[in-house]
Amino acid sequence: MTTITLAPIRLVLPLAVCASLVASAAAAQTPPAEAIESMPIHAGPVGLRPSLLITSAGSDSNVFNTAERPEQDLTATIVPRIVARVRAGRLMFSYGGASDLVYFKELKDEQSVNFASDARLEGNLGHLQPYVSTGWVSSKERMNAELDARVPRTQRTISGGTRIVVASRTTLVANVRRFDLDFDDGTEFRGADLAHNLNSRADSVEGGVQLALTPLTTLNMTASWQRDRFDSAPERNSNTIRITPALQFDPTSLIRGTVSIGYRRFDTLDPNLPDYRGVVAQVSAGYTLLERTKFDLDVARDVQYSYEDLEPYYLSAGARLTVTHQLVGRFDVQAFGGRQSLGYRGTQAGGETRTDRVETLGAGVGYRVHPQYRVGFTWEENRRRSDLRDRRYDRRRLFASLTYGT
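Residues numbered from 1 in each chain as written. Predicted model: local features only at pLDDT ≥ 70, side-chain atom pairs only at ≥ 80, totals over all residues. Heavy atoms only, no water.

A. Geometry of the overall build of the protein. For the protein, the count of helices and strands is two helices and 21 strands. Since a compact globule built from 406 residues should have a radius of gyration of about 22 Å, the 22 Å found for the protein is in line with a globular shape. For the protein, the spread of C-alpha atoms along the principal axes amounts to about 55 × 55 × 40 Å. Scored against the burial criterion, the 406 residues of the protein give a buried share of 46%. Just so you have it, the protein exposes about 19800 Å², and 59% of that area is on carbon and sulfur atoms. Computed over 49 positive and 46 negative side-chain charges, the separation of the two mean positions in the protein equals 6 Å. (Helix = DSSP H or I, 4+ residues; strand = E, 2+ residues; numbered from the N terminus. Rg over C-alpha atoms; globule rule 2.2 N^0.38 Å. Buried < 20%, exposed > 50% of the residue type's maximum accessible area, 1.4 Å probe, protein only. Areas by Shrake-Rupley, 256 points an atom, 1.4 Å probe, with all protein chains shown as cover. Lys, Arg positive; Asp, Glu negative; His and termini not counted. Charge placed at Lys NZ, Arg CZ, Asp CG, Glu CD.)

Given below as structure tokens:
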């Protein structure tokens with residue numbers, strides 16, 4: 001049974017939940033690619049997996065997440081996706097592409113067509129397994145719970161690295177990566193110039209060791225160095241060192257997914273901006289009880305850059321829990337909830353200036369027409385609480401979704 005994440009805002013739960021889990025895979029790690037033979041369309045060395053998602057087809061009570069005079073509209077999002085894999089001897093080429101077609105009935109300016117694609121070429125030369133990959137995103141979708149607006153941006157990623165098998169259960173890994181973020185010139189949100197404040201690039205180098213503890217569990221010990229540089233706001237520049245022990249569980253094991261708790265040393269180059277030293281976490285794990293009830297937990301705690309002029313970054317911490325229960329026949333019910341805190345750091349005396357909280361609650365019911373088709377109906381409520389009045393909002397949505405091939 002496939003569980004679809006229906007909320008557009010990713011919300012995460014308190015760090016205490018994360019600390020109760022074992023350590024996990026770093027965010028930069030890539031899960032094992034799907035075998036060509038298991039893809040729904042395959043012929044010889046070529047495999048295809050098409051999918052279609054229609055979601056958020058319903059009413060949104062607060063399209064702009066504003067504190068006063070919220071505007072309501074009918075909306076829907078159509079997301080066709082394709083994943084292709086081609087094997088040629090010891091080489092494997094993978095490609096993924098998706099388009100988000102976002103519709104609003106009255107607020108036409110909020111409509112958009114968002115694109116995303118990625119490509120990866122990897123080789124298996126025995127003990128040496130190199131790869132190169134690239135990704136591109138052009139979108140107006142909300143970036144996160146903090147930058148809560150549909151504004152155009154482009155993201156580009158290029159990376160490369162290798163795995164070196166040194167023993168039957170031991171593998172060394174090394175990766176380099178560049179990530180570019182660009183907002184269109186003149187793009188503003190709450191009076192802040194997003195292109196000036198956030199256009200940037202992040203370069204990182206990562207190395208570590210992977211130990212296969214069991215056929216279904218892998219321990220990853222990873223260390224990385226990252227340099228963030230901003231095009232027009234050098235006062236935001238920083239350097240980061242991470243140490244992230246991690247456990248990665250096979251999708252067929254009792255506990256699936258990844259769990260990671262580590263340490264980040266975030267050094268700002270501006271002496272007026274406080275540094276951060278402390279725990280970071282990334283958890284995306286699931287558990288199935290008696291083959292009928294699924295528990296999916298997403299937890300995150302890390303430093304994020306803010307669009308605010310005087311508060312360049314914030315510490316984001318929280319989680320989201322989704323419970324899906326298979327009823328009699330093809331019906332299932334789902335409930336979810338989460339909370340995220342945004343602890344802002346600024347150049348003002350005292351370092352931390354305020355902490356906002358974003359919460360979500362929801363429930364829904366689904367019917368699986370066919371193993372490849374699911375129809376769902378969901379009610380959801382989001383709210384943000386802040387010391388600043390214009391940052392607060394309440395939002396309710398009632399919508400339908402249809403999925404194929406996921």
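B. Structural detail: the environment of Ala 233. In this structure, Ala 233 sits in the loop between strand 12 (217–230) and strand 13 (238–249). Taking C-alpha positions, Ala 233 is 33 Å from Pro 245, a pair spaced 12 residues apart along the chain.

C. Structural context of the side chain of Gln 340. Positionally, Gln 340 belongs in strand 18 (residues 331–345). Residue classification places Gln 340 among the buried positions, given a relative accessible area of 7%. Within the structure, the side chain of Gln 340 is placed 2.6 Å from the side chain of Ser 316, a separation counted as a polar contact. (Polar contact = N/O pair within 3.5 Å; in protein donor to acceptor, adjacent residues only side chain to side chain.)

D. Spotlight on the pattern of salt bridges. Summed over the entire model, instances satisfying the criterion amount to 28 salt bridges. The salt bridge involving Arg 227 is made with Asp 203; its shortest N-O contact spans 3.2 Å. Of this pair, Arg 227 sits in strand 12 while Asp 203 sits in strand 11 (residues 200–214), placing them 24 residues apart in sequence. A relative accessible area of 31% means that Arg 227 is categorised as partly exposed. A relative accessible area of 13% places Asp 203 in the buried class. For the salt bridge of Glu 381 with Arg 383, the shortest nitrogen-to-oxygen distance reads 3.8 Å. Judged by its relative accessible area of 24%, Arg 383 falls in the partly exposed class. A cluster of three or more residues bridged by salt bridges with shared partners is formed by Glu 308, Glu 311, Arg 354, Asp 356, Arg 384, Asp 390 and Arg 391. (Salt bridge = Lys/Arg side-chain N within 4 Å of Asp/Glu carboxyl O.)

E. Representation of the nonpolar core. Counting residues in each nonpolar core, the largest one holds 11 residues, listed as Leu 147, Ala 149, Val 151, Leu 181, Phe 183, Phe 189, Ala 192, Leu 194, Ala 195, Leu 198 and Tyr 307. Where this core is concerned, the elements lending two or more residues are strand 8 (170–183) and helix 2 (194–198). If one sorts the elements of this core by residue count, helix 2 sits on top with three residues. Aside from chain neighbours lying at most four places away, what touches Phe 189 is Glu 146, Leu 147, Asp 148, Ala 149, Leu 194 and Tyr 307. By size, the runner-up hydrophobic cluster in this structure holds eight residues, among which are Phe 249, Val 283, Leu 297 and Ala 319. (Core = buried A, V, L, I, M, F, W, Y, C linked by side-chain atoms within 4.5 Å. Contact = heavy atoms within 4.5 Å.)

F. How the structure looks around the packing of aromatic side chains. One pass over the structure, following the stated rule, counts seven aromatic pairs. Linked through ring pairs, Phe 230, Phe 266, Tyr 305 and Tyr 313 together constitute an aromatic cluster. Above the ring of Tyr 344, the side-chain terminus of Arg 354 is found at 4.1 Å from the ring centroid. (Phe/Tyr/Trp six-rings, centres within 6.5 Å; stacked < 30°, edge-to-face > 60°. Lys NZ or Arg CZ within 6 Å of the ring centre and 35° of its normal.)

G. Spotlight on the pairing of strand 15 (residues 276–289). Bridging between strand 14 (residues 255–268) and strand 15 involves 12 bridges; their strand directions are antiparallel. Bridge pairing in strand 15 links Arg 265 to Arg 277. In this structure, strand 15 lies alongside strand 16 (residues 293–305), joined through nine bridges in antiparallel fashion. Within strand 16, the position partnered with Thr 288 by the bridge is Lys 294. Where strand 15 folds back on strand 16, the antiparallel hairpin that results is connected by three residues, among which Leu 290 adopts a positive phi of roughly 55°. (Pairing = 2+ DSSP bridges.)

H. Layout of a nonpolar patch on the surface. Taken together, the side chains of Ile 41, Val 46, Leu 48, Ile 82, Val 86, Leu 91, Phe 93, Tyr 95, Leu 121 and Val 132 define a hydrophobic patch exposed on the protein surface, amounting to about 760 Å² of accessible area. Among the secondary structure elements, those contributing two or more residues to the nonpolar patch are strand 2 (46–60), strand 3 (73–88) and strand 4 (91–104). No other element matches strand 4, which puts three residues into the nonpolar patch. Structurally, Ile 82 can be placed in strand 3. (Patch = residues over 30% accessible without salt bridge, like charges linked within 9 Å, V, L, I, M, F, W, Y side chains within 5 Å.)

I. Representation of the confidence of the model for the protein within the structure. Mean pLDDT over the protein works out to 88, with 90% of the residues at or above the 70 mark. Ranking the elements of the protein by mean pLDDT puts helix 1 (residues 15–19) last, at 32, and strand 8 first, at 97. Low pLDDT, under 50, characterises residues 1–30; the stretch is placed with 115 contacts to residues that sit more than four places away or in other chains. (pLDDT = per-residue confidence, 0-100.)

J. Structural view of unusual backbone geometry. The backbone phi angle of Ser 56 is positive, close to 55°, even though this residue is not glycine. You can see Ser 56 is positioned in strand 2. For Ser 56, a relative accessible area of 10% translates into the label buried. The residue Asn 65 is not glycine, and still its phi comes out positive at about 50°. In this fold, Asn 65 is placed in the loop between strand 2 and strand 3.

K. Region of the structure containing the side chain of Arg 391. Within the secondary structure layout, Arg 391 lies in the loop between strand 20 (373–385) and strand 21 (393–404). The class of Arg 391 is buried, set by a relative accessible area of 9%. Side-chain polar atoms of Arg 391 contact the side chain of Glu 308, separated by 2.8 Å. At 3.1 Å, the side chain of Arg 391 and the side chain of Asp 390 are in polar contact. Dropping the residues within four chain positions of it, Arg 391 is found in contact with Arg 190, Tyr 307, Glu 308, Arg 354, Asp 356, Arg 384 and Ser 386.

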